[in-house]
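Analysis of the macromolecular model
One-letter residues, chain by chain:
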4 protein chains.
Amino acid sequence: MTGSGGAIGVRRGEEIYITPSGVQKELMEPEDLFVQTIDGKSIATPPAFKKLTQSSCTPLIINSFLKRKGAGAVVHAHNPNAVLISLLYPGKEFRITHQQMIKCTYNWQLGKNNKYFDELVVPIVEGQPEEIDLAPYVAKALEDYPDTSCVIIRRHGMYVVGPTWEKTKLMLESFDYLFHIAMQMKLYGLDPTQPPQESSKS
Amino acid sequence: MTGSGGAIGVRRGEEIYITPSGVQKELMEPEDLFVQTIDGKSIATPPAFKKLTQSSCTPLIINSFLKRKGAGAVVHAHNPNAVLISLLYPGKEFRITHQQMIKCTYNWQLGKNNKYFDELVVPIVEGQPEEIDLAPYVAKALEDYPDTSCVIIRRHGMYVVGPTWEKTKLMLESFDYLFHIAMQMKLYGLDPTQPPQESSKS
Amino acid sequence: MTGSGGAIGVRRGEEIYITPSGVQKELMEPEDLFVQTIDGKSIATPPAFKKLTQSSCTPLIINSFLKRKGAGAVVHAHNPNAVLISLLYPGKEFRITHQQMIKCTYNWQLGKNNKYFDELVVPIVEGQPEEIDLAPYVAKALEDYPDTSCVIIRRHGMYVVGPTWEKTKLMLESFDYLFHIAMQMKLYGLDPTQPPQESSKS
Amino acid sequence: MTGSGGAIGVRRGEEIYITPSGVQKELMEPEDLFVQTIDGKSIATPPAFKKLTQSSCTPLIINSFLKRKGAGAVVHAHNPNAVLISLLYPGKEFRITHQQMIKCTYNWQLGKNNKYFDELVVPIVEGQPEEIDLAPYVAKALEDYPDTSCVIIRRHGMYVVGPTWEKTKLMLESFDYLFHIAMQMKLYGLDPTQPPQESSKS
């Protein structure tokens, strides 16, 4: 992730670690993280001389931890595939089915991963001028879609929330992979929501 | 290969080494491997405190070693190009001819690599809800296509089996390359099974 | 950046550091930089035995520092996306709106970054046989578009100028990202200058 | 370059260094190189215990040094863009004009690089079953096109020959870049041989 690439929040018990704003994340040091409770009480901040500021994603990260009890990590990314999917799907949802990578996505209501033949549904909320303006929309999407680990932000990117940081990293890759597959399917005139045809079965 | 990226099995004499389930393979240590015989007798397992579990690909990897005597390695990958090829070819086979990279693919019946002007045929089996459900289909494909080093799993990925790990790695890259070429050919309205026209020959 | 990948100029007070011509930039050492004032007075040159020559971009880099008071860095890149955008937009401007990455681009007239719902306008100047021939066109574009941090050179690449090297690096990535999004939008028949439709709003 | 990725020959005075067959080039050691004169006299070979064999490209590399007096390096690559260009251009030539990267390609007849507004012409020869069968065709193309630093092999890859290894590496990247641009232009219905329209000039 580069300086413009988004933000990461990780939870360990009562402590939530959040990356600062606008840093080159590959050059970041542990002391650069902001640490707070879910109620917003600050536990630690970067040394003052570093002049680091809180990520504008902080309210959205906290929101995600509030809406998903037991979440261990939240990642916000500006991946081009999420932006393009939001443009190719002008409605309120992205849907895809019968893909192996669906099995890497966590279903928060079932408390386990989705299955190969499930139809994965990812809500899409409208982009907003400021990150902070997104907070109520992302919160509402997490409420309206209690299954989902991902919310797409139109013309902006996505939020992914998972039970551990390892699974969240894996889902980040998996959602991006599924968006890539869906984009290519559309390019070739195929429908990502269409299950395999009987005629093609062995 | 990331945590969701598949599995690798390598054979040295009677010992078969198989990567564990769901680990970040770039962070894996030698002791994390499961070691067993082809008959399923366990030789070594990762230390218990690591809480690693056997890959769900294990039966398919063992199957591949059974169906391809002399095989040194089996790799299972979730490469997007294999998934997309399986969507662009709704039938039971992928075919391509007159490509240099065909020469990097091993023909198990001939005991040597395929040739430039051969038509490479790769069987495609249907994706299944669970990895274990794939085992009979992959085994049957390896029987029905005794030449092939590769089986494509629709909407899922591919299995590649080769005589040594070096050649298997090379084939992994070569099949992915050929899938990429075929996808691009289709995008431009070209047919990957069509040999070069006489008129274009020098 | 490879040897053909462009040039970088960084300003610290009166000193302007410029990469030499045609070197493999990943192998470059600090002493390989040319250092001069904005008036063209040489402060330091690479050791003679290295036989390095000044970048043909030097006048364009100096020009950019002259036209953008307070600029800390100028980067010239031959990124394929800039070339392709210049071919897809045969007129004198590239335009895109309602994209998160627009917020990473600096508006020199406002002295702050552009906003999500702004229409970003990037001038395009014609490619010329020699880098030096471009200088007056790039200078004029920076005058005619006092907002812009980027000038696209048709069939050639782009210049990006920012207040600090960190922000310039970020903009380099952001403009390339926006060009990628616009190219993909065009491929799918979407118009990058079209704001989101009311009907798709939540 | 991976094990299937091609071959490299570098000339220093009378000595020509050629990479061995089928090795993972990123793991190669200096002693793995075959060294010979242009007349085919062996100067050094890898240690016997390594069981390395001469590259099947050796005659083509030597040929290139014979046809291009003063050449310092020859590279053979299986880059997908060269293969795809050979499929999109079924005739005997690839042509492109008015591109900055043309300036990175060396014109052997002029003894200097091509210019921005030149029409770059790269000959395409038919793929052959064996590398050795290509030798006369590549030699003839280098004769028939005395300017060219590149020969495309249909459905196979390309040979690039340059005055030094640094310039050859740069050309390898530049030809691949130009092929990428041309492929994209074709995808969007643009003609790579068409100079910029007057109407679009500033």
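Read on for a plain summary of the structure. (Residues numbered from 1 in each chain as written. Chains lettered and ligands numbered in written order. Predicted model: local features only at pLDDT ≥ 70, side-chain atom pairs only at ≥ 80, totals over all residues. Heavy atoms only, no water.)

A few points about the pairing of strand β11 (residues 157–162) of chain A
All names here are of chain A. Judged by how many residues are buried, β11 sits mostly within the fold: 6 of 6 residues are covered. Residue alternation in β11 divides its side chains into two sets, G157, Y159 and V161 and M158, V160 and G162, and both sets are buried. Bridge count between strand β5 (residues 73–77) and β11: 5 bridges; the pairing is antiparallel. Paired with A73 across the strands is G162, a residue of β11. Pairing of strand β10 (residues 150–153) with β11, which is carried by 4 bridges, proceeds in the antiparallel orientation. Looking across to β11, one finds that I152 is bridged to M158. Hairpin connection between β10 and β11: a loop of 3 residues separates the two successive antiparallel strands, and R155 in this loop has a positive phi of roughly 60 degrees. (Buried < 20%, exposed > 50% of the residue type's maximum accessible area, 1.4 Å probe, protein only. Helix = DSSP H or I, 4+ residues; strand = E, 2+ residues; numbered from the N terminus. Pairing = 2+ DSSP bridges.)

Thoughts on the relation of the copies chain A and chain C
Take chain A, turn it by 90 degrees, move it 0.1 Å along the axis, and it overlays chain C with an RMSD of 0.0 Å. Expressed as an axis order, the relation between the two copies is that of a four-fold axis. When each C-alpha of chain A is compared by its distance to the rotation axis, L187(A) comes out closest, at 6.0 Å. (Least-squares fit on C-alpha atoms with pLDDT ≥ 70 in both.)

Observations concerning the sheet that holds strand β10 (residues 150–153) of chain C
Residue and element names in this part refer to chain C. What the 9 strands build is an open sheet, ordered β4-β3-β2-β1-β5-β11-β10-β9-β6; its pairing is mixed. Edge positions in the sheet fall to β4 (42–44) and β6 (93–97), since each of these pairs with one other strand and no more. Each neighbouring strand pair of the sheet contributes to a mean axis angle of 20 degrees, computed without reference to strand direction. This element, helix α2 (residues 80–88), spans β6, β9 (119–125), β10 and β11 (157–162) of the sheet and lies at about 70 degrees to β10. (Axes fitted to C-alpha atoms, helices over the stretch in contact; angles between N-to-C directions. Contact = heavy atoms within 4.5 Å.)

Points about the interface of chain A and chain C
Counting residues at the interface gives 28 residues for chain A, matched by 28 residues for chain C. Summing both partners gives a buried area of about 2,300 Å² for chain A against chain C, and 58% of it is carried by carbon and sulfur. Taken together, chain A and chain C are joined by 1 salt bridge. Run the count over chain A and chain C and you get 8 residue pairs in polar contact (both at pLDDT 80 or more). Listing elements by their share of the side of chain A that touches chain C, those giving two or more residues are α2 (80–88), α3 (131–144) and α4 (165–187) of chain A. Ranked by the residues each element gives to the side of chain A that touches chain C, the list is headed by α2(A), at 5 residues. Residues of the side of chain A that touches chain C, tallied by class, amount to 10 nonpolar, 10 polar and 8 charged. (Buried area = accessible area lost by both parts, 1.4 Å probe. Salt bridge = Lys/Arg side-chain N within 4 Å of Asp/Glu carboxyl O. Polar contact = N/O pair within 3.5 Å; in protein donor to acceptor, adjacent residues only side chain to side chain. Nonpolar A, V, L, I, M, F, W, Y, C, P; charged D, E, K, R; others polar.)

These figures capture arrangement, not role.
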